[in-house]
Amino acid sequence: MDKDFKEEQFTGIKFIPPLYKQRYQFVKDLVEKHKPKKVADLGCADCSLLWMLKYCSCVEVLAGVDVCANIMKENMHRLAPLPGDYLQPPERSLTVTLHHGSVAHKDPCMLGFDLVTCVELIEHLEESELKKFPEVVFGFMAPSIVVITTPNSEFNPLLPGVIFCRHPDHKFEWNRAQFESWALETASSYDYSVEFTGVGHPPTGMEKFGFCTQIGVFVRKCPQTVESAQSEEPAEAVYQTVFKAVYPSLKDEKYLQNAVVSEVIFTAQIIKQSLLDHLMLEPVEYSDDPTETELEFQPSMTYYSEDLGMLVVENSVEPFVCGNMVYIPLTTIFSSPRVNQLCGTFEKLCELIAGKVTLSSDGSAVMLSAEYENEEN
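No experiment lies behind these values; they were computed from the predicted model shown.

Section: the packing of aromatic side chains
Here's step 1: In this structure the tally under the stated criterion is 15 aromatic pairs.
Here's step 2: Judged by centre distance (6.0 Å) and plane angle (40°), the ring pair of Phe-15 and Phe-155 falls under tilted. Taken together, the residues span a long stretch of sequence, with Phe-15 in the segment before helix 1 (19–34) and Phe-155 in the loop between strand 5 (145–151) and helix 6 (176–189) at a distance of 140 residues. Accessibility classification places Phe-15 together with Phe-155 in one group, the buried group.
Here's step 3: What links up through ring pairs into an aromatic cluster is the set Phe-133, Phe-172, Trp-174, Phe-179, Trp-182 and Phe-196.

Brief notes about the pairing of strand 4 (residues 115–119)
Here's step 1: Burial runs high along strand 4: five of the five residues are buried.
Here's step 2: Residue alternation in strand 4 divides its side chains into two sets, Leu-115, Thr-117 and Val-119 and Val-116 and Cys-118, and both sets are buried.
Here's step 3: Two strands pair when backbone bridges link them, and strand 1 (residues 38–42) and strand 4 are joined in this way by three bridges, in the parallel orientation. When the sheet's bridge partners are listed, Asp-41 is paired in strand 4 with Thr-117.
Here's step 4: Pairing of strand 4 with strand 5 involves five bridges; the strand directions are parallel. Bridged to Val-116 within strand 5 is Val-146.

Comments concerning the sheet that holds strand 8 (residues 240–246)
Here's step 1: Strand order in the open sheet made by the eight strands is 6-7-5-4-1-2-3-8, with mixed pairing throughout. Sheet topology places strand 6 (192–199) and strand 8 at the edges, where each strand pairs with a single neighbour. Adjacent strand axes in the sheet meet at a mean angle of 15° when their direction is disregarded.
Here's step 2: In the packing of helix 1 onto the sheet, contacts are made with strand 4, strand 5, strand 6 and strand 7 (213–220), and the angle to strand 5 comes to roughly 165°.
Here's step 3: Against the sheet, helix 6 touches strand 5, strand 6 and strand 7, its axis set at about 155° to strand 6.

Here's the deal with the sheet that holds strand 10 (residues 325–329)
Here's step 1: If you walk across this open sheet you meet the three strands as 9-10-11, and the pairing is antiparallel. Across the chains shown, the open sheet's two edge strands, defined by having one partner strand only, are strand 9 (320–322) and strand 11 (365–369). Averaged over all neighbouring strand pairs, the angle between strand axes comes to 30°, with direction disregarded.
Here's step 2: With three bridges connecting them, strand 9 and strand 10 associate as antiparallel partners. Its bridge partner being in strand 10, Phe-320 is matched across the sheet by Tyr-327.

Digging into helix 12 (residues 346–353)
Here's step 1: Within the sequence span of helix 12, burial applies to Leu-349, Leu-352 and Ile-353. Seen along its axis, helix 12 keeps its buried residues to an arc of 85°; they face one direction.
Here's step 2: Against helix 8 (253–281), helix 10 (330–334) and helix 11 (337–343) lie the buried residues of helix 12.
Here's step 3: Immediately beyond the C-terminal end of helix 12, within one or two residues, lies Gly-355, with a positive phi of roughly 80°.

Details of helix 8
Here's step 1: Look at helix 8: 42 Å from first C-alpha to last across 29 residues, which is about the 42 Å you get at 1.5 Å a residue.
Here's step 2: Where helix 8 begins, the capping side chain belongs to Asp-252, and its oxygen is found 2.9 Å from the backbone nitrogen of Lys-254.

Notes on the side chain of Asp-66
Here's step 1: Tracing the chain through its elements places Asp-66 in strand 2 (residues 61–66).
Here's step 2: Although Asp-66 lies buried, it forms no salt bridge, and the closest oppositely charged side chain, Lys-171, sits 12 Å away as judged by the N-O distance.
Here's step 3: Only 2.9 Å separates the side chain of Asp-66 from the backbone nitrogen of Cys-68, close enough to count as a polar contact.
Here's step 4: The contacts of Asp-66, once residues within four sequence positions are left out, are Gly-43, Cys-44, Ala-45, Met-72, His-99, His-100 and Gly-101.

A look at the nonpolar core
Looking at soluble globular proteins, one finds that nonpolar side chains tend to be buried together.
Here's step 1: If you look at the biggest cluster of nonpolar residues, it comprises 42 residues, and the most contacted ones within it are Val-31, Leu-53, Val-59, Leu-98, Val-147 and Phe-155.
Here's step 2: Where this core is concerned, the elements lending two or more residues are helix 1, helix 2 (48–53), strand 3 (95–100), strand 4, strand 5, strand 7 and strand 8.
Here's step 3: At seven residues, the largest contribution of residues to this core is made by helix 1.
Here's step 4: Setting aside chain neighbours within four positions, we find Phe-155 in contact with Ile-13, Phe-15, Arg-166, Gly-200, His-201, Pro-202, Pro-203, Phe-209, Gly-210, Phe-211 and Cys-212.
Here's step 5: The next biggest cluster of nonpolar side chains, apart from the first, holds 32 residues, and it includes Ala-63, Val-65, Leu-111 and Val-116.

What to know about the environment of Pro-90
Here's step 1: Counting through the fold element by element, Pro-90 comes out in the loop between helix 4 (83–87) and strand 3.
Here's step 2: As for Pro-90 and Tyr-255, which are separated by 165 residues in sequence, their C-alpha atoms are 9.6 Å apart.
Here's step 3: In this structure Pro-90 touches Asp-85, Pro-248, Ser-249 and Leu-250, once residues within four positions along its chain are discounted.

A short note on the confidence of the model for the protein
Here's step 1: Of the residues in the protein, 82% have a pLDDT of 70 or more, and the chain-wide mean is 86.
Here's step 2: In this model, residues 290–315 is a region of pLDDT below 50 whose contacts with residues beyond four sequence positions or in other chains number 41 contacts.

Things to note about unusual backbone geometry
Here's step 1: Here the amide bond leading from Ile-16 into Pro-17 is cis, since omega sits at -5°, within 30 degrees of zero.
Here's step 2: One can find Pro-17 in the segment before helix 1.
Here's step 3: For Lys-35, which is not glycine, the phi dihedral falls at a positive 55°.
Here's step 4: A relative accessible area of 51% places Lys-35 in the exposed class.
Here's step 5: With a phi close to 70°, Cys-47 is a non-glycine residue in the positive phi region.
Here's step 6: Counting through the fold element by element, Cys-47 comes out in the loop between strand 1 and helix 2.
Here's step 7: Since its relative accessible area comes to 0%, Cys-47 is described here as buried.

So, how was this worked out
Residues numbered from 1 in each chain as written. Predicted model: local features only at pLDDT ≥ 70, side-chain atom pairs only at ≥ 80, totals over all residues. Heavy atoms only, no water. Phe/Tyr/Trp six-rings, centres within 6.5 Å; stacked < 30°, edge-to-face > 60°. Helix = DSSP H or I, 4+ residues; strand = E, 2+ residues; numbered from the N terminus. Buried < 20%, exposed > 50% of the residue type's maximum accessible area, 1.4 Å probe, protein only. Pairing = 2+ DSSP bridges. Axes fitted to C-alpha atoms, helices over the stretch in contact; angles between N-to-C directions. Contact = heavy atoms within 4.5 Å. Arc of directions from axis to C-beta. Expected span 1.5 Å × (residues − 1). Polar contact = N/O pair within 3.5 Å; in protein donor to acceptor, adjacent residues only side chain to side chain. Lys, Arg positive; Asp, Glu negative; His and termini not counted. Salt bridge = Lys/Arg side-chain N within 4 Å of Asp/Glu carboxyl O. Core = buried A, V, L, I, M, F, W, Y, C linked by side-chain atoms within 4.5 Å. pLDDT = per-residue confidence, 0-100.

Right, dumping it as structure tokens:
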């Protein structure tokens, strides 16, 4: 991936947004359209595209490959989970991995991807690497979709200062006919179709030069069988893993339990506060003897008769106060949309909060202190 080429350094043409962002946005739009679960970025460099794609809710596996381990190591912190990811884990799982290696080599860790991106990569490959590239990507990895972007050399005359190539590390830059010829031959050899487009529009009146960046979107015609993919698997790995992050997810029982317990306690507190607010609004009956007047809040005596404490908790379907405790039936808490969404079933709710939340003796209700918490407290 070539982000070193700064289009704005050339006078006379300015891309808004910058060309590299347009390339990334093209890939992101493609991801949002096709919803791939596993995406690999070959030539990931500073991990900018991976960082953008990690926010796509459909993506569950992200992998980057580059020949320069140092650049990945300098930027891999951008792909690590943030504190907020642990405080509010999403429902989807996400694993991000970076590998040090060449796209001219096959490695089993790169099998099973739905989408492979090669953004400003092929022009950096030596001739020997470019020859191996189609077999590795289209033959071995065989994803459903491959996106390849590369400079359009026909646009170069519009970029002052560019004589041969836009970047000193480019081994070549193809015109549209050359890229299309290579892409069509590659697609035909590996049973893919390919469509051509680009980003970076030319100035008005110069449309004949085409896009600044040309793009080929390859789509596999027939699904690859598991057997054929496994038959291609080499004996040993050749890539070195330099980074791996597993994001917290509600699919992980540990994070799901934490989320459910927090939501149950929060919901119970809201119900409790509503109940106590209601009790405080009820009129207090005074006796003839002032010494017998109940001057302090007594929820069990105010809202329910004394024999309520003798009732079996499971017979109640409404929250109630007994003595110094508030009882909120689990069935009431389960009816909360968020709790219901997290747990799915009442049995799962009971399983997840067991030992984590104070329950009545029969386990049918959450118990909270009846202490009234007003705004001053």
